[in-house]
Amino acid sequence: MAAIIVAGFSLNIVAGRSSFAVPAIFHLHAFVFFGWVALYVAQNLLIGRGALALHRRLGWVAILWVPLMVVLGTLMTVLSVQHGAPFFFDVREFLFSNPAQLLLFAGLVAAALVLRRRTAWHRRLMFCGMAILTGPGFGRLLPMPLLAPYAWWAALAAVTLLPVIGMVADQRRTGRVHPAWLWGIGLFVGVQLAADAVAFSPVGTAVARSVTAGTAGAHRPITPYFP
């Protein structure tokens, strides 16, 4: 999952679609989100080596780090639509789905922390939370313009394959699938359906137009288009 995220953003740099010459808020956002990726990898390495005490102490970083991710991710979503959201996304879907999935990520991490002593639940819920963050990575690796107007759901389908891999691993190892995977996948889809219901409603459309009013984003179609 870490490799998917790194590969997606690295490809954008190599392809010239992204640049380091951006405002400071972009760099802060990158530091915080890649910081979580590093933390998640480190936590897996620690628990794999039996460093349980350090794993537990380091895990409390999430209490401050995750809310910061939600705030920065939502702010970056607003900035993105004001500058013109990626053309293969519906502006409304992009505006509402990003914060919704970030809140789901935070909820899964919170549930994993509450269930930290039930390790089978803990690690699978953490895995599902991390899987959500691969969406932007997949979005930079998949041929998104060819997937419009279903580009957002295509990226979500790619994300959902990750817990499906976990389900297959469970089945092969123990002969049964842990219910945490079903909760994760069910919430992925349920939250996205709820976000779309709001986004494509008259209220969602009005909010999107209000957020982009007077900005460069107001000049692009609100629906996906081909430049």
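Treat the numbers as computed from the prediction; the structure is a model and nothing was measured.

Student: Where do I start with helix α1 (residues 2–14) in this structure?
Tutor: Each α-helix winds once per 3.6 residues, and so residues spaced three or four apart point in a common direction. Between its first and last C-alpha, α1 extends 18 Å over 13 residues, near the 18 Å set by a 1.5 Å rise per residue. Directly beyond the C-terminal end of α1, a positive phi value near 80 degrees is found at Gly16.

Student: Where do I start with the pattern of salt bridges in this structure?
Tutor: If the charged atoms of two oppositely charged side chains come close together, the side chains can form a pair. Scanning all chains against the criterion turns up 3 salt bridges. For Asp170, the salt bridge identified is with Arg124, shortest N-O distance 2.8 Å. With a gap of 46 residues between them, Asp170 in helix α9 (residues 151–174) and Arg124 in helix α6 (residues 119–132) connect regions that are remote in the sequence. Given the relative accessible area of 8%, Arg124 is considered buried. Measuring nitrogen to oxygen at the nearest pair gives 3.4 Å for the salt bridge that ties Arg173 to Asp170. Within this pair, Arg173 and its partner Asp170 are both found in helix α9, separated by 3 residues, close to a single helical turn. What makes Asp170 buried here is its relative accessible area of 2%. Overlapping salt bridges, with partners in common, bring together Arg124, Asp170 and Arg173 in one network.

Definitions and cut-offs
- Residues numbered from 1 in each chain as written.
- Predicted model: local features only at pLDDT ≥ 70, side-chain atom pairs only at ≥ 80, totals over all residues.
- Heavy atoms only, no water.
- Helix = DSSP H or I, 4+ residues; strand = E, 2+ residues; numbered from the N terminus.
- Expected span 1.5 Å × (residues − 1).
- Salt bridge = Lys/Arg side-chain N within 4 Å of Asp/Glu carboxyl O.
- Buried < 20%, exposed > 50% of the residue type's maximum accessible area, 1.4 Å probe, protein only.

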